[in-house]
Amino acid sequence: MGTAEGWWRRKSTPAQVETYTRWSFHFFTVIEVATAGLPAVGLTGPRLGGLLLAMVLVHAVLGGVTASRALDWTRGRRDQPVRLLWALGVVTAVIGVAAVWISEHGPRGEDVDGATSAVFSAVVVFGAGLLALGVRSRARVFGLVAGFAAGTGVVSFTLGLSAAHALVSSLAMLVGGGFLAFTSVFSVWLLNAVYALDEARETRTRLAVAEERLRFGRDLHDVMGRNLAVIALKSELAVQLARRGRPEAVEQMVEVQRIARESQREVRDVVRGYREADLEVEIAGARGVLTAAGIECAVSQVPGGLPGEVQSALAWVVREATTNVLRHGDAQRCDVGLRMREGRVVLTVENDGVGEGSRGAGGGSGLAGLRERLAVVGGSLVAGVGDGDAFRLVAEVPVRMAGEATA
């Protein structure tokens, strides 16, 4: 039981929806056999009942395979299963006609009529519903259902049923087949919508990273563009003065050296500003991003008086942990806790979305980089699956050591 639950929890939300949808259609085939094939054996005996059961089994197996291939097609994983769709349509029609013929020209009796009616209804209704999975156009779906309904009436009347019974059979087929066809179309729409939402979330994350990189690139351009232009100009002037034997060339090169050192200092300031992060700002941003992604986020209050290096290091932990929750897991809740313990500040980030990526995140390059940052201020980081199959990340930083390093 635990293994099955863990297998299910490791799947992303789109994968869970797809698995549920796929097995729902497979269960339709079980319902078809249980409601039409097996009762036929009890009603008509092993000989005729076995024949009816065999026909239902063939149709159910073919319908299950067609549904699986059609779902793969809707997700773009394979070509449209045209041959399977035509095969299912032909088999549905043949079995439906055979059931009506047996009812009218086979052995007499209410049990035979009931068994053949059940086989006919199940095969035609489930056939129309499963065929709708392989059609994208709504007009074609309507045409498919209407065609089966009309065909039911024509075949029933041709093989001996009264006009009233044929009309009732046609209307029953229209209602039952239409309902299953609507279920198929809606299931495919829902599955595609879930995948689209997941892709939108991934796109939003990538755009946030790209925006931060662009900001950093603009800052570097603003700093280095001006200084490099001045360095090029003064270097050219120094060359001209040196060719003329003027002593001012040395002064120009000294100025170039000063500007180059100043540029190095400004670049370090830009990088430092990029790397340093405010803890409260990062926690507020994490709460906003997670809430927007539909993840409930609970955050404890940030302790006051934390040194700048401690806040910066822990802020990066919050940023990386939030990224892991969005990218790797499928969380419904995320808790961020901060507390003081024996001269150390402890940050805990725990979420219930343990996916494949989350299980492997403990050794990822992102967490390795966080360990390097925390090591500078004497901190440590532990990440892994905790109690209740939740992914937990714990960072500890000694406040006193960081305060002394800052001083």
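None of the values given here were measured: they were computed from a predicted structure.

### A word on the overall build of the protein chain
Within the protein chain one finds twelve helices and five strands. Contacts spanning at least 24 positions in sequence make up 71% of the contacts within the protein chain whose residues lie at least 6 apart. Of the roughly 22000 Å² that the protein chain leaves accessible, carbon and sulfur atoms contribute 61%.

### Some points on the environment of Gly-49
Mapped onto the elements of the fold, Gly-49 is located in helix H2 (residues 13–74). Residue classification places Gly-49 among the buried positions, given a relative accessible area of 0%. Taking the C-alpha atoms as reference points, Gly-49 and Val-112, separated by 63 residues in sequence, lie 8.9 Å from one another. Once residues within four sequence positions are removed from consideration, Gly-49 is found in contact with Ala-40, Val-41 and Thr-44.

### Some details on a nonpolar patch on the surface
Residues Val-82, Trp-86, Val-90 and Val-94 make up a contiguous nonpolar surface patch of about 420 Å² in total accessible area. With respect to the helices, strands and loops of the structure, Val-94 is situated in helix H3 (residues 82–105). The class of Val-94 is exposed, set by a relative accessible area of 51%.

### Topic: the packing of helix H4 (residues 110–131) against helix H5 (residues 138–158)
Across the interface, H4 lies against H5 with an axial gap of 10 Å and an inter-helix angle of 160 degrees. Considering their axes alone, H4 and H5 lie roughly antiparallel with respect to each other. Crossing geometry of H4 relative to H5 is assigned as right-handed. On the side of H4, the interface is formed by Phe-120, Val-124, Ala-128 and Leu-131, while H5 contributes Leu-144, Phe-148, Thr-152 and Ser-156. A per-class count over the contact of H4 with H5 returns six nonpolar, two polar and no charged.

### Some remarks on the sheet that holds strand E3 (residues 344–351)
Here five strands make up an open sheet; going across it, the order is E1-E2-E3-E5-E4 and the pairing mixed. For this open sheet the edge positions go to strand E1 (296–299) and strand E4 (380–385), each flanked by a neighbour on one side alone. Strand-to-strand twist in this sheet, taken as the mean axis angle between neighbours without regard to direction, amounts to 10 degrees. Pairing geometry for strand E2 (residues 333–341) and E3, over eight bridges, is antiparallel. If you follow Arg-341 over to E3, its bridge partner there is Arg-344.

### Some details on H3
Within an α-helix, residues lying three or four positions from one another point in the same direction, as the helix has 3.6 residues per turn. Between its first and last C-alpha, H3 extends 34 Å over 24 residues, near the 34 Å set by a 1.5 Å rise per residue. When H3 is considered as a whole, its buried residues turn out to be Leu-84, Leu-85, Leu-88, Gly-89, Thr-92, Ile-95, Gly-96, Ala-99, Val-100, Ile-102, Ser-103 and Glu-104. Considering only its buried residues, H3 is in contact with H2, H4 and H5.

### A closer look at the nonpolar core
Residues Phe-25, Leu-52, Val-119, Leu-133, Phe-148 and Met-173 are the most contacted members of the largest nonpolar core, which totals 41 residues. Put simply, the parts of the chain that give this core at least two residues each are H2, H3, H4, H5 and helix H6 (163–243). Sorting elements by how many residues they give to this core places H2 first, with 15 residues. In this structure, Leu-52 is in contact with Ala-40, Thr-44, Ile-102, Ala-115, Thr-116 and Val-119, ignoring residues within four places of it in sequence.

### Here we look at the side chain of Glu-396
Residue placement: Glu-396 occurs in strand E5 (residues 391–398). The exposure class assigned to Glu-396 is buried, which follows from its relative accessible area of 18%. Side chain to side chain, Glu-396 and Arg-344 meet in a polar contact 3.1 Å long. Not counting residues within four places of it along the chain, the set of residues in contact with Glu-396 comprises Arg-341, Arg-344, Val-345, Val-346, Gly-379 and Ser-380.

### Some points on the state of the cysteines
Under the criterion given, the structure shown has zero disulfides. Here Cys-297 stays free of any disulfide, with the sulfur of Cys-334 as its closest cysteine sulfur at 5.2 Å. Residue classification places Cys-334 among the buried residues on the basis of a relative accessible area of 1%.

### Looking at the packing of aromatic side chains
Here the structure, examined in full by the defined rule, presents four aromatic pairs. On the basis of an interplanar angle of 20 degrees and a centroid distance of 6.2 Å, the ring pair of Phe-182 and Phe-186 is categorised as stacked. With Phe-182 and Phe-186 both in helix H6 and four residues apart, the pair spans about one turn of that helix. Classification of Phe-186 as partly exposed rests on a relative accessible area of 42%. A network of ring pairs unites the aromatic residues Phe-25, Phe-28 and Phe-126 as a single cluster. Across the ring face of Tyr-195, the terminal group of Arg-75 is positioned such that the distance to the ring centre comes to 3.8 Å.

### Structural notes on the side chain of Ser-184
Tracing the backbone through its elements, the reader meets Ser-184 in helix H6. In this structure Ser-184 touches Phe-25, Gly-129, Ala-132 and Leu-133, once residues within four positions along its chain are discounted.

### Topic: the pattern of salt bridges
Pairing is possible between side chains of opposite charge, provided their charged atoms come close. Per the counting criterion, the structure on display carries twelve salt bridges. In this structure, Asp-335 and Arg-333 form a salt bridge, with 3.1 Å as the shortest nitrogen-oxygen distance. For Arg-333, a relative accessible area of 32% puts it in the partly exposed group.

### Some remarks on the packing of H2 against H3
As a packed pair, H2 and H3 sit with axes 10 Å apart at the nearest point and diverge in direction by 160 degrees. Considered as vectors, H2 and H3 are oriented roughly antiparallel to each other. The hand of the H2/H3 crossing is left-handed. Facing Leu-48, Leu-51, Leu-52, Met-55, His-59, Leu-62, Gly-63, Val-65, Thr-66 and Arg-69 of H2, the residues of H3 in contact are Leu-84, Leu-85, Ala-87, Leu-88, Val-91, Thr-92, Ile-95, Ala-98 and Ile-102.

Rules used in this analysis
- Residues numbered from 1 in each chain as written.
- Predicted model: local features only at pLDDT ≥ 70, side-chain atom pairs only at ≥ 80, totals over all residues.
- Heavy atoms only, no water.
- Helix = DSSP H or I, 4+ residues; strand = E, 2+ residues; numbered from the N terminus.
- Contact = heavy atoms within 4.5 Å.
- Areas by Shrake-Rupley, 256 points an atom, 1.4 Å probe, with all protein chains shown as cover.
- Buried < 20%, exposed > 50% of the residue type's maximum accessible area, 1.4 Å probe, protein only.
- Patch = residues over 30% accessible without salt bridge, like charges linked within 9 Å, V, L, I, M, F, W, Y side chains within 5 Å.
- Salt bridge = Lys/Arg side-chain N within 4 Å of Asp/Glu carboxyl O.
- Axes fitted to C-alpha atoms, helices over the stretch in contact; angles between N-to-C directions.
- Parallel < 35°, antiparallel > 145°, perpendicular 65-115°, else oblique.
- Left-handed = near helix turned anticlockwise from the far one by under 90°.
- Nonpolar A, V, L, I, M, F, W, Y, C, P; charged D, E, K, R; others polar.
- Pairing = 2+ DSSP bridges.
- Expected span 1.5 Å × (residues − 1).
- Core = buried A, V, L, I, M, F, W, Y, C linked by side-chain atoms within 4.5 Å.
- Polar contact = N/O pair within 3.5 Å; in protein donor to acceptor, adjacent residues only side chain to side chain.
- Disulfide = S-S within 2.5 Å.
- Phe/Tyr/Trp six-rings, centres within 6.5 Å; stacked < 30°, edge-to-face > 60°.
- Lys NZ or Arg CZ within 6 Å of the ring centre and 35° of its normal.

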